[in-house]
Amino acid sequence: MSDVDDDDSVDEQTANDLSDPEILTKYKLAGDIASKALAAVLAEVAPGKTPLELCALGDKFIEEATAQVYSKAKIEKGVAFPTCVSVNHCVGHFSPLPGEDGDPLADGDVVKVDLGVHLDAYAALVAHTVICGSPASGPKADVVKAAHEACELALRMVKVGATNTEVTAMIDKVAEAYGVRAVQGVLSHQMKKHVIDGNRVVMNKATIDHKVEEMAFEANDVFAIDVVMSTGEGKPIDLGRRATVFKRAVDQSYNLKMKHSRAFFSEVNKRFTTFPFTLRALSDDKSAKMGVVECHNHELINAYPVIYEKPGDFVAQFKATLLLTETNVHRTTLAPPVPDMEGDHKLEDPALLELLAADIGKKKKDKKKKKKEGAPAAE
């Protein structure tokens, strides 16, 4: 390995060292803003609202909130993942453009809100599911409770020394208890500065064709724990709806031919170098709809496709960001509590219920034996 490679490795370790109070503060503050943005969007979920209105609200909240912090520092900050509002059997990545608002929400819709925030390229991602209007029951309640409880359990399982396969096995067990399925293709990624989709992952659902290498969580790990459940088969597909969320492929290059494409790509390179963005955020979204085509065709950007289960299925998602330090586990994102729902199933595994009742990152303390009178206290 060359001296340059050694220097790069040291620089990366320094940039992702959670023992650095400034880095930890940026992660936590990004999580606080993401939590508040999520709460602001969820508060507006009501019959008649459109996904476009809610997505625009979430992104605006993030931009305004991040503009108020580190105002004197020249750092990147803003949206780490554009607000997506995916309803019922839509699994994810629905962030429509003006004129493509999406159907207005109706009473009983299962609404998933997914978004992310970064400060100085340290990101926090969060997602939550609510029922629009009336309380849920039956399969809707089951899928929401399954996804929520599996996510909460994962947050309690992820600690130094635990493995990704243990978490995946738990998600499957919870899905089975509620009579639903964990959705295939969903990954909980390790995150670093500038990176929300690192190579170390936790699978939401392992299959014969799709597996990942077992790995143990380590100190300084940052993970976005993402759990998605479905009342259907859990095998989402792309139905051809226009993708609006993209990410720059930094290792690709191509000489673009079209004027619209060059203008679009120039703006992307200036404003969205490492994090995903929505076409809605470009200065001219109509021009962006033309320019994005050539860029995508030549792999300069990667799309986040809008994916679906079958009509009549319901999908729920919960996501939170965790930091693992040498001594503790920090949850940086919070969401409103999930209300009581009357489903057809419930989790009954004693070990999982005990874990669900525990605090995140807290270890059980052994009861200390009583000391003889006058004996010195243990340090």
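Not measured: the values here are computed from a predicted model.

A. Focus on the sheet that holds strand S12 (residues 301–304). Read from one edge of the open sheet, 3 strands run S11-S10-S12, paired in antiparallel fashion. The sheet is open, and its two borders are formed by strand S11 (277–278) and S12, each paired with just one other strand. The sheet strands contacting helix H6 (residues 259–271) are strand S10 (245–248), S11 and S12, and the helix crosses S10 at an angle near 70 degrees. Along the sheet face, helix H7 (residues 285–297) touches S10 and S12 and points at about 110 degrees away from the line of S12.

B. A look at the pattern of salt bridges. Under the definition given, this model contains 18 salt bridges. Asp120 is the salt-bridge partner of Lys193, the closest N and O atoms lying 3.7 Å from each other. In this pair, Lys193 sits in the loop between strand S6 (187–189) and strand S7 (201–203) while Asp120 sits in the loop between strand S3 (110–119) and strand S4 (122–131), placing the two residues 73 residues apart along the sequence. For Lys193, a relative accessible area of 24% gives the class partly exposed. Put simply, Lys310 and Glu233 hold a salt bridge, and the shortest N to O gap is 3.5 Å. Here Lys310, found in the loop between strand S13 (307–308) and strand S14 (315–324), pairs with Glu233, found in the loop between strand S8 (222–230) and strand S9 (237–238); they are 77 residues apart in sequence, far enough to count as distant. Take Glu233: its relative accessible area is 43%, and that puts it in the partly exposed class.

C. Molecular detail of unusual backbone geometry. Of note, the phi angle at His194 is positive, near 75 degrees, even though the residue is not glycine. Note on placement: His194 falls in the loop between S6 and S7. Here the phi dihedral of Glu299 falls at roughly 60 degrees; this positive angle occurs in a residue that is not glycine. Following the sequence through the fold, Glu299 ends up in the loop between H7 and S12.

D. Structural detail: the packing of aromatic side chains. Considering all chains together, one arrives at 6 aromatic pairs under this definition. Judged by centre distance (6.4 Å) and plane angle (35 degrees), the rings of Phe246 and Phe277 are tilted. In this pair, Phe246 is assigned in strand S10 and Phe277 in strand S11, connecting sequence segments 31 residues apart. The residues Phe246 and Phe277 share a single accessibility class, namely buried. Aromatic side chains Phe272 and Phe277 sit 4.9 Å apart centroid to centroid with 20 degrees between the ring planes, which places their arrangement in the stacked category. A residue is classified by how much of its surface remains accessible, and Phe272, at 13% relative accessible area, is buried. Classification of Phe277 as buried rests on a relative accessible area of 2%.

E. Spatial organisation of the pairing of S14. A large share of S14 lies buried, amounting to 10 of its 10 residues. Residues of S14 alternate between two faces, with Val315, Gln317, Lys319, Thr321 and Leu323 on one and Ala316, Phe318, Ala320, Leu322 and Leu324 on the opposite face, all of them buried. Pairing between S14 and strand S15 (residues 329–331): 3 bridges, direction antiparallel. Directly across from Leu323, in S15, lies its bridge partner His330.

F. Just the sheet that holds strand S2 (residues 90–92), in detail. Here 3 strands make up an open sheet; going across it, the order is S2-S13-S9 and the pairing antiparallel. Of all strands in the sheet, those with a lone pairing partner are S2 and S9, marking the two edges. Where S2 meets S13, 2 bridges bridge the pair, whose relative direction is antiparallel. For Gly92, the partnering residue across the bridge sits in S13 and is Ile307.

G. Quick look at the pairing of S8. Most of S8 sits out of view: 9 of its 9 residues are buried. With burial as the criterion, each face of S8 is covered, one bearing Val222, Ala224, Asp226, Val228 and Ser230 and the other bearing Phe223, Ile225, Val227 and Met229. Bridge analysis of S8 against S14 gives 9 bridges, and the strand direction is antiparallel. Within S14, the position partnered with Val228 by the bridge is Gln317.

H. Spotlight on the side chain of Ser287. For Ser287, the location among the structural elements is in helix H7. Here Ser287 falls in the buried class, since its relative accessible area comes to 14%. Within the structure, the side chain of Ser287 is placed 2.9 Å from the side chain of His260, a separation counted as a polar contact.

I. Expanded view of the nonpolar core. One finds Val167, Met170, Val174, Phe217, Ile225 and Met229 to be the most contacted residues of the largest nonpolar core, which totals 43 residues. Counting residues per element, this core draws most heavily on helix H4 (residues 138–157), at 11 residues. With sequence-adjacent residues up to four places away left out, Ile225 is seen in contact with Cys151, Ala154, Leu155, Val158, Ser188, Phe318, Lys319, Ala320 and Leu322.

J. The environment of Thr66, seen in detail. Assignment of secondary structure puts Thr66 in helix H3 (residues 51–67). Using a relative accessible area of 1% as the deciding quantity, one classes Thr66 as buried. Setting aside anything within four residues of it in sequence, one finds Thr66 in contact with Ile33, Lys77, Gly78, Val117, His118 and Leu119.

K. Examining helix H5 (residues 164–177) more closely. With 14 residues, H5 extends 20 Å from end C-alpha to end C-alpha; this agrees with the ideal 20 Å at 1.5 Å per step. Taken together, the buried positions of H5 are occupied by Asn164, Val167, Thr168, Met170, Ile171, Val174 and Ala175. Viewed end-on, H5 has its buried residues packed into an arc of 160 degrees, placing them on one side of the element. Buried residues belonging to H5 abut H4, strand S5 (181–182), S7, S8 and helix H8 (350–356). Of the residues flanking the end of H5, it is Gly179, one or two places downstream, whose phi is positive at about 70 degrees.

Conventions adopted
Residues numbered from 1 in each chain as written. Predicted model: local features only at pLDDT ≥ 70, side-chain atom pairs only at ≥ 80, totals over all residues. Heavy atoms only, no water. Pairing = 2+ DSSP bridges. Helix = DSSP H or I, 4+ residues; strand = E, 2+ residues; numbered from the N terminus. Contact = heavy atoms within 4.5 Å. Axes fitted to C-alpha atoms, helices over the stretch in contact; angles between N-to-C directions. Salt bridge = Lys/Arg side-chain N within 4 Å of Asp/Glu carboxyl O. Buried < 20%, exposed > 50% of the residue type's maximum accessible area, 1.4 Å probe, protein only. Phe/Tyr/Trp six-rings, centres within 6.5 Å; stacked < 30°, edge-to-face > 60°. Polar contact = N/O pair within 3.5 Å; in protein donor to acceptor, adjacent residues only side chain to side chain. Core = buried A, V, L, I, M, F, W, Y, C linked by side-chain atoms within 4.5 Å. Expected span 1.5 Å × (residues − 1). Arc of directions from axis to C-beta.

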